[in-house]
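Chain and residue survey
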Amino acid sequence: MLISALRRERLSPGAEVLDVGTGTGAVAIAAARHGAAHVIAIDTSAAAVLTTRLNALLSGYTRAVRASRGDLTEPVTGLRFDLVLANPPYVPSADIRLPRRGTARAWEAGIDGRAVIDRLCAKVPALLRPGGVLLAVHSALSGPVITVARLAEAGLDVTVTDRRFVPFGPVMRERAAWLEMRGLIERGQEKEELVVIRAERPY
Ligand SMILES: C[S@@+](CC[C@H](N)C(=O)[O-])C[C@H]1O[C@@H](n2cnc3c(N)ncnc32)[C@H](O)[C@@H]1O
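Let me sum up the structure you'll find in this document. (Residues numbered from 1 in each chain as written. Predicted model: local features only at pLDDT ≥ 70, side-chain atom pairs only at ≥ 80, totals over all residues. Heavy atoms only, no water.)

**Topic: the sheet that holds strand S6 (residues 157-165)**
Spatial ordering of the open sheet is given by S3-S2-S1-S4-S5-S7-S6, a layout of seven strands whose pairing is mixed. The sheet is open, and its two edges are formed by strand S3 (65-69) and S6, each paired on a single side. When strand polarity is set aside, the average angle formed by the axes of neighbouring strands in this sheet is 15 degrees. Pairing of strand S5 (residues 128-139) with strand S7 (residues 193-200) involves seven bridges; the strand directions are antiparallel. Counted as the bridge partner of His138 is Val195 from S7. (Pairing = 2+ DSSP bridges. Helix = DSSP H or I, 4+ residues; strand = E, 2+ residues; numbered from the N terminus. Axes fitted to C-alpha atoms, helices over the stretch in contact; angles between N-to-C directions.)

Quick look at the structure:
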């Protein structure tokens, strides 16, 4: 979904792209294929950084894609980008603390599923050049309305560009039931939907 949204963006020659929470590097490599001059791919997991480097090598994009280990946008403080891509962890957790290691870092996102998304909303606006765009994907269960409001408050022009029905897997189904039991969401609000949010810094 994020890759389809990325392909709709017109990248100028020399475009600088950031992929936050790169995982396997698939989105970062797609950005390089789409014409980005440079893509910085960040992940908190050392295994993800190594995987991204390997995948960039196998795809022939070692020059364009640079993978770094770090917390969100911390390795690129002070830089500016034409496009920032993010598919952050967004699964509501039973535990307020985020896992510090292991694969669960890819999905666990605090009680309301917003622990990582909220930090991204606070950091990303300052990284966008005028005309620069953030494309972020997350579950409808994790408050896309709040994401839209936070990014708009930061002065960005925000739209929801895509909504797609994506059936819950076992973890998401269990967490939606947990939220409903505690009255944190209404019955029927547990939409099995992913949304893509596009936020542009005006010139
Ligand atoms: C849902 S996965 C997305 C992977 C990939 N971008 C994709 O779309 O397939 C989220 C990724 O964010 C990473 N991550 C989680 N917390 C992070 C943080 N604080 N800083 C950087 N990366 C983080 C995880 O290690 C994981 O690789």
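That covers the picture; the talk isn't over yet.
**Here we look at the site of the ligand**
Taken together, 14 residues surround the ligand, and among them Gly21, Asp43, Asp71, Leu72 and Asn87 come closest. Within the contact set of the ligand, a nitrogen atom lies 3.3 Å away from a backbone nitrogen or oxygen of Thr22. The side chain of Asp43 places a nitrogen or oxygen atom 2.6 Å from an oxygen atom of the ligand. When the ligand is considered free in solution it has 600 Å² of accessible area, and contact with the protein chains removes 81% of it. Across the shell around the ligand, the residue classes tally to four nonpolar, seven polar and three charged. (Near = heavy atom within 4 Å. Polar contact = N/O pair within 3.5 Å; in protein donor to acceptor, adjacent residues only side chain to side chain. Areas by Shrake-Rupley, 256 points an atom, 1.4 Å probe, with all protein chains shown as cover. Nonpolar A, V, L, I, M, F, W, Y, C, P; charged D, E, K, R; others polar.)

**Here's the deal with the pattern of salt bridges**
Any two side chains of opposite charge can pair if their charged atoms end up close together. For the coordinates displayed, the defined rule picks out 10 salt bridges. In this structure, Arg175 engages Glu174 in a salt bridge whose closest nitrogen and oxygen atoms are separated by 3.4 Å. One network of salt bridges, with partners in common, ties together Glu9, Arg198 and Glu200. (Salt bridge = Lys/Arg side-chain N within 4 Å of Asp/Glu carboxyl O.)

**Examining the pairing of S7**
When you tally the buried positions in S7, you get seven out of eight residues, the bulk of the element. Bridge count for S6 against S7 is eight bridges, and the pairing is antiparallel. Its bridge partner being in S7, Asp162 is matched across the sheet by Val196. (Buried < 20%, exposed > 50% of the residue type's maximum accessible area, 1.4 Å probe, protein only.)

**A word on the packing of helix H4 (residues 115-123) against helix H5 (residues 144-153)**
Packing of H4 against H5 brings their axes to within 9 Å, and their N-to-C directions diverge by 20 degrees. For the element pair H4 / H5, the angle class is roughly parallel. As H4 packs across H5, the resulting crossing turns out to be right-handed. Contacts between H4 and H5 pair Ile117, Asp118 and Cys121 from the former with Thr147, Arg150 and Leu151 from the latter. Looking at the contact of H4 with H5, its residues break down into three nonpolar, one polar and two charged. (Parallel < 35°, antiparallel > 145°, perpendicular 65-115°, else oblique. Left-handed = near helix turned anticlockwise from the far one by under 90°. Contact = heavy atoms within 4.5 Å.)

**Side note on unusual backbone geometry**
Leave glycine aside and you will find that most residues have negative phi; peptide bonds, for their part, are mostly trans. Phi is positive for Leu72, which is not a glycine, with a value near 45 degrees. Note that Leu72 resides in the loop between S3 and strand S4 (81-86).

**Comments concerning the nonpolar core**
Formed by 59 residues in total, the largest nonpolar core has its most connected members in Val65, Leu85 and Leu135. Not counting residues up to four positions away in its chain, the partners in contact with Val65 are Ala28, Ile29, Ala32, Val39, Ala41, Thr52 and Ala56. (Core = buried A, V, L, I, M, F, W, Y, C linked by side-chain atoms within 4.5 Å.)

**Points about H5**
Taken as a whole, H5 has its buried residues at Pro144, Thr147 and Leu151. Axial view of H5: buried residues confined to an arc of 55 degrees, hence all on one face. Turned more than 90 degrees away from the buried face of H5 sit Val145 and Glu153, all of them exposed. On the buried face of H5, the contacting elements are H4, S5, S6 and S7. Backbone geometry just after H5 places Gly155 at a positive phi near 95 degrees. (Arc of directions from axis to C-beta.)

None of this, on its own, says anything about what the molecule does.
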